[in-house]
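Spelled out from the first residue to the last, the chains are:
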Amino acid sequence: MFFQPDKENISTDKLKAIQEENLIRTIELAGRSPYYRKLFKQYGLKPDIRDIKDIEKFPFTTKEDLRKSYPAGMVAVPFEKLVRMHASSGTTGKSTLVFHTKNDIENWATLVARGLYAAGVRSTDIFQNMMSYGLFTGGLGLHYGAEKLGALVIPAGSGNTQKQIELLLDLRTTVIHITPSYLFYLGHVIEEEEKISLSKFSLRIAIVGAEPHSEETRRKLEKIFRIKVFNCYGLSEMNGPGVAFECEYQNGLHLWEDHYYAEIIDPETGKVLPEGREGELVLTTLQREGMPVIRYRTRDITKFIKGRCPCGRTHRKIARIKGRTDDMFIVKGVNIFPSQIEAVLMQIPEVDKNYRIIIDRYEGLDNLTVEVEVKKGFFDGELRHLKAIQDKLIDTLKDNILVTPVVKLVEPGSLPSSTGKAQRVIDKRRL
Ligand code: ADP
Ligand code: ZN
């Protein structure tokens, strides 16, 4: 059993007191790192926190700041206290490094175990971790958390899909950790290539994360595999996965507020937004020793979900991540997140498991093309059926994103698949 009611169900006042106490310690500790020492001196900043809101006096830390202090400018403890280093995936440029003490690793595992428990994972489960091991945090992060929970952990890593299927069947795996795009691909290989019935598997839960995905995608995955799919959010700068986790109610992700102080800001002005407004998530570590990070701009777009969760946990929930500020693209003057397109595609029953967005510019005009895999049966049927699907997609997309796209229908399995973070958008205007 891994449930910490004394920490997860605590009153809002107590939680705030814990945050304030830990924030003071964090700022003191951060001041020992070369990066923050210089910054605090430059701005004349002191850890005189009387209220948690005093954090707003501190400047933001950005991915660029981490890159500038590469490799270890934000480390706040002597090197002999460090036991592990991880790196970000480098989705948007050079990877950033994060260093951990023994306590940091212990706390990270605890937060992951808490989240897994909230999603219904138990010590009796067989947990196949299908995220890549190594510098990326998705592998080892969930590995230690699931072990701490007491599950039997299979460190499968990502890729090698045949082997994954063999393990899933032979070990009767009940829980997997995987990216949503790899889960779609896994479904494709099992059903279309191996022709194995999904009823042969013992799976009951998939923990998915590492990339934005829509509610429609979750529902579709749940339907294909007949399992429950839970969203897990994190980023290497804040340890990795396990910052926020969905509970059994699947309505937003509880963000572990005794370990992270969360703000939502307007990405343009940097102003903190009132609760419930959508903006960029900013996080401060509250209990990390090796590398405390203050007001980190995640670039992830979300909002707080108001109200108490029926599960009893008092830590506030955030909505699933809509995308990163840098994922957003502008076509014909309209701001679009890939997740908006994905949400439309996954509602259409004829759509299969994969898609790709291509943007280019021709004679000064933007063109948005959406390539969509359509279920096999439709390619063998009459052409007018395909035309009808195409028209439906164009109309529904136009209603939702306000731009008329070109829609190309392709056969299942023909678009590039991913066993890690998927690359969904190709913006040829930037090439
Ligand atoms: P990088 O920033 O280079 O991709 P990370 O491996 O640290 O490196 O990835 C963290 C990022 O992955 C997050 O900031 C977020 O954009 C994305 N991410 C992680 N989990 C989720 C999730 N559950 N939903 C949406 N996006 C996610
Ligand atoms: Zn809950």
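Overview of the structure. Since the structure is predicted, the reported quantities are computational estimates derived from the model, not experimental observations. (Residues numbered from 1 in each chain as written. Chains lettered and ligands numbered in written order. Predicted model: local features only at pLDDT ≥ 70, side-chain atom pairs only at ≥ 80, totals over all residues. Heavy atoms only, no water.)

Observations concerning the site of ligand 1
Phase 1 of the analysis: In the region of ligand 1, 20 residues are neighbours, and Ser89, Gly90, Thr91, Asp300 and Arg324 sit closest.
Phase 2 of the analysis: Take Glu211: an N or O atom from its main chain is 3.4 Å from a nitrogen atom of ligand 1.
Phase 3 of the analysis: Here Cys232 contributes a backbone N or O atom positioned 2.8 Å from a nitrogen atom of ligand 1.
Phase 4 of the analysis: Out of a free accessible area of 550 Å², ligand 1 has 97% covered by protein chains.
Phase 5 of the analysis: Residue contributions to the shell around ligand 1 peak at five residues, all from strand S7 (residues 228-235).
Phase 6 of the analysis: Class assignment of the residues belonging to the shell around ligand 1 gives a composition of seven nonpolar, eight polar and five charged. (Near = heavy atom within 4 Å. Polar contact = N/O pair within 3.5 Å; in protein donor to acceptor, adjacent residues only side chain to side chain. Areas by Shrake-Rupley, 256 points an atom, 1.4 Å probe, with all protein chains shown as cover. Helix = DSSP H or I, 4+ residues; strand = E, 2+ residues; numbered from the N terminus. Nonpolar A, V, L, I, M, F, W, Y, C, P; charged D, E, K, R; others polar.)

Structural notes on the side chain of Asp300
Phase 1 of the analysis: The residue Asp300 is located in strand S12 (residues 296-302) in this model.
Phase 2 of the analysis: Nearest to the buried, unbridged Asp300 among oppositely charged side chains is Arg324, at 4.6 Å.
Phase 3 of the analysis: Ignoring anything within four residues of it in the chain, the contact list for Asp300 reads Tyr233, Gly279, Glu280, Leu281, Ile321, Gly323 and Arg324. (Buried < 20%, exposed > 50% of the residue type's maximum accessible area, 1.4 Å probe, protein only. Lys, Arg positive; Asp, Glu negative; His and termini not counted. Salt bridge = Lys/Arg side-chain N within 4 Å of Asp/Glu carboxyl O. Contact = heavy atoms within 4.5 Å.)

A short note on helix H3 (residues 34-43)
Phase 1 of the analysis: Along H3, the residues that are buried comprise Tyr35, Tyr36, Leu39 and Phe40. One side of H3 carries all its buried residues, which in axial view fall inside an arc of 115°. Exposed side chains of H3 directed beyond 90 degrees from the buried face belong to Lys38, Lys41 and Gln42.
Phase 2 of the analysis: Considering only its buried residues, H3 is in contact with helix H2 (12-30) and helix H4 (63-68).
Phase 3 of the analysis: Where H3 terminates, the next one or two residues include Gly44, which has phi positive at roughly 60°. (Arc of directions from axis to C-beta.)

Here's the deal with the sheet that holds strand S4 (residues 152-154)
Phase 1 of the analysis: Strands sit in the order S4-S3-S5-S6-S7-S8-S9-S14-S13 across an open sheet of nine strands; the sheet is mixed. Every other strand in the sheet has two partners, leaving S4 and strand S13 (304-305) as the edge strands with one partner each.
Phase 2 of the analysis: In this sheet, strand S6 (residues 205-209) lies alongside strand S5 (residues 175-178) in parallel orientation, the contact comprising four bridges. Bridge pairing links Ile178 to Val208 in S6.
Phase 3 of the analysis: Contacting S5 and S6, helix H8 (residues 180-193) crosses the sheet at an angle of about 120° to S5. (Pairing = 2+ DSSP bridges. Axes fitted to C-alpha atoms, helices over the stretch in contact; angles between N-to-C directions.)

Section: the pairing of S5
Phase 1 of the analysis: Of the two faces of S5, both are covered, the one formed by Val175 and His177 as well as the one formed by Ile176 and Ile178.
Phase 2 of the analysis: In terms of strand pairing, strand S3 (residues 126-129) meets S5 through three bridges, oriented parallel. Looking at the pairing, Asn129 lines up with His177 of S5.
Phase 3 of the analysis: Remark: the S5/H8/S6 crossover connection has right-handed handedness. (Right-handed = clockwise from strand over helix to strand, strands pointing away.)

So, the sheet that holds strand S10 (residues 260-265)
Within a beta sheet, neighbouring strands are joined by backbone hydrogen bonds and run either parallel or antiparallel to one another.
Phase 1 of the analysis: In space, the four strands of this open sheet follow the order S10-S11-S12-S15, with antiparallel pairing throughout. Each edge of the open sheet is held by one strand with a lone partner, namely S10 and strand S15 (323-324).

Digging into the packing of aromatic side chains
Phase 1 of the analysis: By the definition in use, this model includes six aromatic pairs.
Phase 2 of the analysis: Ring geometry for Phe3 versus Tyr117: centroids 6.0 Å apart, planes at 10°, classification stacked. Of the two residues, Phe3 is situated in the segment before helix H1 (5-8) and Tyr117 in helix H5 (residues 102-118); the sequence distance between them amounts to 114 residues.
Phase 3 of the analysis: Judged by relative accessible area, which is 25%, Phe3 ranks as partly exposed.
Phase 4 of the analysis: Ring geometry for Phe79 against Phe99: centres 6.1 Å apart, planes inclined by 55°, an arrangement best described as tilted. Of the two residues, Phe79 is situated in the loop between H4 and strand S1 (82-87) and Phe99 in strand S2 (residues 97-101); the sequence distance between them amounts to 20 residues.
Phase 5 of the analysis: You can call Phe79 exposed: its relative accessible area is 52%.
Phase 6 of the analysis: Here Phe99 falls in the buried class, since its relative accessible area comes to 9%.
Phase 7 of the analysis: Aromatic ring contacts, followed pair by pair, group Tyr35, Tyr36, Phe40 and Phe58 into a single cluster.
Phase 8 of the analysis: Sitting above the plane of the Tyr70 ring, Lys94 keeps its charged end 4.3 Å from the centroid. (Phe/Tyr/Trp six-rings, centres within 6.5 Å; stacked < 30°, edge-to-face > 60°. Lys NZ or Arg CZ within 6 Å of the ring centre and 35° of its normal.)

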